[in-house]
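An overview of the molecular structure
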Amino acid sequence: MVKIVFLFFFFTQVAFAVSSLELAQNLVNDASKNSQLKLLFANSSCLDDKGNLDIAKISRVLKINSLLNLNLSNSQTLKLNFRAKADSVVFFKILFDALIESGYVYFIPTELILHEGNIDYTVQVDSQYILDPETLYKLLKKNSVYIDNIKQIGPYFYQYDLNFDNAKLNTNVNISLNSLTILERPLKDYIFTTKNASKLIIDASDSDFWFPKVLFLDKNLNLIKSIKNNEQNNHFEEFIPSGSVYVIVSDMYSLDNIRRGLKVLLKK
């Protein structure tokens, strides 16, 4: 069971940005390799087009030089700790999608610490490979989330400092205004923009059993309103809260409950 802690003291965040060399040293976690790492990174900034550490490039250099091995000889229980200042809805949505796309479909939350918008979240997963920094970087970057630092803080225990300052949600369906849109079976939560509509109407197939979960977010990805229904209801109708820009539509328990898709109408 996940342990939830609400802290009432100052929540420590990353105070200083790390260099490419420091990040490479953190990833390799072997002091005997520092001389080789200095030759590779001491005079290289390895920044991407947004001025953030290009962890994909750093990771590739390490792999090419046989300095980063992500394969384990046998399956181990890995602990992954993620820290960020972010809206919790956006944090978990983007992080969960990234972990699943990285191949970590089954992970167990073990601890959640919340304080004044800061999130410290730990999961564990049984795996024969370590989470690839290059893959995680690319997946998070899709939503303009970046990795400030990665550290190994114990045997098979890794900490990731994430930067959500410019986070955005990538929509995955397009809903036209005043026109009924039929959505196919979801592989992920549906995400779309409100297009300044005043009302949202959604219907599930009579053959499905939908437990609606609908979230309204503003342009800065702050949660405005959350509607969660623990009882089956295949019809959803709600006035869109002022300031809403994004809508996330899902099911309280499983996307299999809406396997036949949904019918969505945004009314002006």
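Okay, so let's go over this structure. Keep in mind it's a predicted model, so treat the numbers as computed, not measured.

**Considerations on the overall build of the chain**
- Counting its secondary structure elements, the chain contains five helices and 14 strands.
- Within the chain, the proportion of its 268 residues that are buried is 47%.
- Accessible surface, the chain as shown: approximately 14,100 Å² in total, 50% of it carbon and sulfur.
- For the chain, the centre of its 29 positive side-chain charges and the centre of its 28 negative side-chain charges are spaced 3 Å apart.

**Section: helix α1 (residues 20–28)**
- Taken together, the buried positions of α1 are occupied by Ser20, Leu21, Leu23, Ala24, Leu27 and Val28. Across the axial projection of α1, the buried residues extend over an arc of 160 degrees, all falling on one side.
- Packing partners of the buried residues in α1 comprise α2 (34–41), α3 (55–64), α5 (133–141) and β5 (146–154).
- Among the residues trailing α1, asparagine 29 stands out with phi positive, at a value near 55 degrees.

**So, the packing of α3 against α5**
- With their axes 8 Å apart at the nearest point, α3 and α5 run at an angle of 165 degrees to one another. On the basis of the axis angle, α3 is roughly antiparallel to α5. Here the hand of the crossing between α3 and α5 comes out left-handed. From α3, Ile55, Ala56, Ser59, Arg60 and Lys63 reach across to α5, where they touch Pro133, Glu134, Tyr137 and Lys138.
- In the contact of α3 with α5, the residues fall into four nonpolar, one polar and four charged.

**Points about the sheet that holds strand β9 (residues 199–204)**
- The sheet built from four strands is open, its strands ordered β7-β14-β9-β12 with antiparallel pairing. Strands with a single pairing partner mark the edges of an open sheet, and in this sheet they are β7 (181–183) and β12 (235–239). Ignoring which end each strand starts from, the neighbouring axes of this sheet average 20 degrees apart.
- Here β9 pairs with β12 via five bridges, running antiparallel. The residue bridging leucine 200 from the neighbouring strand is glutamate 238, located in β12.

**What to know about the nonpolar core**
- Residues Leu62, Leu80, Phe82, Phe91, Leu162 and Phe164 are the most contacted members of the largest nonpolar core, which totals 60 residues.
- With eight residues, the single largest contributor to this core is helix α4 (residues 88–101).
- Leave out the neighbours within four places in its chain, and leucine 80 touches Leu99, Tyr104, Tyr121, Thr122, Val123, Val125, Leu131, Tyr158 and Tyr160.

**What to know about the pairing of strand β3 (residues 108–115)**
- Pairing of β3 with strand β4 (residues 118–129), which is carried by seven bridges, proceeds in the antiparallel orientation. By the bridge assignment for β4, isoleucine 108 is matched with glutamine 124.
- Here β3 folds back onto β4, and the loop between the two strands holds two residues, one of which, glutamate 116, carries a positive phi near 50 degrees.

**Details of the layout of surface pockets**
- By volume, the largest pocket is sized at about 750 Å³.
- In terms of lining, the largest pocket is formed by 25 residues, of which the most central are Phe92, Lys93, Phe96, Asp189 and Lys213.
- Sorting the residues of the lining of the largest pocket by element identifies α4, β3, β10 (212–217), β11 (223–228) and β13 (246–251) as the ones contributing at least two each.
- If you tally residues by element for the lining of the largest pocket, the top one is α4, at eight residues.

**Points about the packing of aromatic side chains**
- Counted under the stated rule, the structure contains 11 aromatic pairs.
- Each ring, one from phenylalanine 92 and one from phenylalanine 96, has its centre 5.6 Å from the other, and the planes form 55 degrees; the classification is tilted. Here phenylalanine 92 and its partner phenylalanine 96 are both found in helix α4, four residues apart, which amounts to about one turn of the helix.
- The class for phenylalanine 92 is buried, based on a relative accessible area of 17%.
- For phenylalanine 96, a relative accessible area of 29% translates into the label partly exposed.
- With centroids separated by 5.4 Å and ring planes inclined at 35 degrees, the aromatic side chains of tyrosine 104 and tyrosine 129 adopt a geometry described as tilted.

**Examining the sheet that holds strand β8 (residues 190–193)**
- With antiparallel pairing, the four strands of this open sheet are ordered in space as β8-β13-β10-β11. Looking at which strands have only one partner, the edges of the open sheet turn out to be β8 and β11. The average undirected angle you get between the axes of adjacent strands in this sheet is 15 degrees.
- When β8 meets β13, the two strands line up antiparallel, connected through four bridges. Each bridged residue has a counterpart across the sheet, and for phenylalanine 192 the counterpart in β13 is valine 247.
- Against the sheet, α4 makes contact with β8, β10, β11 and β13, and its axis sits at roughly 115 degrees relative to β10, the strand it touches most.

About the criteria used
Residues numbered from 1 in each chain as written. Predicted model: local features only at pLDDT ≥ 70, side-chain atom pairs only at ≥ 80, totals over all residues. Heavy atoms only, no water. Helix = DSSP H or I, 4+ residues; strand = E, 2+ residues; numbered from the N terminus. Buried < 20%, exposed > 50% of the residue type's maximum accessible area, 1.4 Å probe, protein only. Areas by Shrake-Rupley, 256 points an atom, 1.4 Å probe, with all protein chains shown as cover. Lys, Arg positive; Asp, Glu negative; His and termini not counted. Charge placed at Lys NZ, Arg CZ, Asp CG, Glu CD. Arc of directions from axis to C-beta. Contact = heavy atoms within 4.5 Å. Axes fitted to C-alpha atoms, helices over the stretch in contact; angles between N-to-C directions. Parallel < 35°, antiparallel > 145°, perpendicular 65-115°, else oblique. Left-handed = near helix turned anticlockwise from the far one by under 90°. Nonpolar A, V, L, I, M, F, W, Y, C, P; charged D, E, K, R; others polar. Pairing = 2+ DSSP bridges. Core = buried A, V, L, I, M, F, W, Y, C linked by side-chain atoms within 4.5 Å. 1 Å grid on protein atoms, 1.4 Å probe; cavity = no way out; pocket = protein on both sides within 12 Å on 5 of 7 lines; lining within 4 Å. Points joined across faces, edges and corners; volume = space filled by probe spheres on them. Phe/Tyr/Trp six-rings, centres within 6.5 Å; stacked < 30°, edge-to-face > 60°.

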